[in-house]
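As a plain string of letters, each chain reads:
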Amino acid sequence: LYIVFGLGMLCVILLFPSIAMIPGVLTWNKYLLLILVAFTGGFKHAFATNMFVASMCFLNNSVPQNAIGRANGLGQAIASGLRGLGPLLGGIIWSWSMTIDSGDSNYNVYPAYIYMFIPSAYSILHCWCFIENDIQKTWEERMKEKKQQQIDDE
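The structure reproduced in this document is the subject of the present report. The structure displayed is predicted, hence computed values, not measured ones. (Residues numbered from 1 in each chain as written. Predicted model: local features only at pLDDT ≥ 70, side-chain atom pairs only at ≥ 80, totals over all residues. Heavy atoms only, no water.)

### A few points about the state of the cysteines
Applicable threshold: Put simply, a disulfide is two cysteine sulfurs that come within 2.5 Å.
Applying the stated rule across the entire model yields 0 disulfides. Looking at the unpaired Cys-11, the closest cysteine sulfur is the one in Cys-127, lying at 16 Å. We note that Cys-127 lacks a disulfide partner, and the nearest cysteine sulfur, in Cys-129, lies 9.4 Å from it.

### Considerations on the side chain of Thr-40
Formally: A run of H or I in DSSP counts as a helix once it spans at least four residues, and a run of E counts as a strand once it spans at least two, with each numbered from the N terminus. When accessible area is computed with a 1.4 Å probe and restricted to protein chains, residues below 20% of their type maximum are described as buried, those above 50% as exposed, and intermediate ones as partly exposed. Here a polar contact is recorded for every N or O atom pair within 3.5 Å, except that within protein the pair must consist of a potential hydrogen donor and a potential acceptor, and residues adjacent in sequence are included only if both atoms are side-chain atoms. We call two residues contacting when some pair of their heavy atoms lies within 4.5 Å.
Among the secondary structure elements, Thr-40 is positioned in helix H2 (residues 30-61). The exposure class of Thr-40 is buried, given its relative accessible area of 13%. At a separation of 2.9 Å, a polar atom in the side chain of Thr-40 contacts the main-chain carbonyl oxygen of Leu-36. Setting aside residues no more than four positions away along its own chain, Thr-40 makes contact with Val-12, Phe-16 and Ile-19.

### Focus on the packing of aromatic side chains
For clarity, the cut-off: The pairing test for Phe, Tyr and Trp rings, Trp by its six-membered ring, is centres within 6.5 Å, and the orientation test on the planes gives stacked under 30 degrees, edge-to-face over 60, and tilted for anything in between.
For the structure shown, the criterion picks out 6 aromatic pairs. Between the aromatic rings of Phe-43 and Phe-47, the centroid separation amounts to 5.8 Å while the plane-to-plane angle is 35 degrees, which identifies the pairing as tilted. One end of the pair, Phe-43, and the other, Phe-47, are both in helix H2, 4 residues apart, so they sit about a helical turn from each other. A relative accessible area of 37% means that Phe-43 is categorised as partly exposed. For Phe-47, a relative accessible area of 17% corresponds to the buried category.

As structure tokens, this is what we get:
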């Protein structure tokens, strides 16, 4: 599910700034535009929320039962720090991108969205390549299966 929600998140990150480039968008009814932006933003938040929940499930299943509290505490501390750092860096990049003197200012917003796209894409790629398929099982269940596999191999 993490990969599915992550791919949805990547699509929304790429599409969100493109709303401003829809032909005739400035002549649209403001309520129609508000609905489109709210709908797109709602999907972004839904995907991000589900990605966070899935990553916390990965974290809980990657450690023994007696270490879940420490793992959750560390995971929440890192997540909280990144939630504080994200808007700071995003704001800096957004401000910088608005000072770029390009021929078409419609594209000036993309550096801030690329800043969101790259870490999201990396996390999905990392999940695809390096996280084992049995992560949905608890640590204890995986260790029990490994022991059983060792016994069967002998």
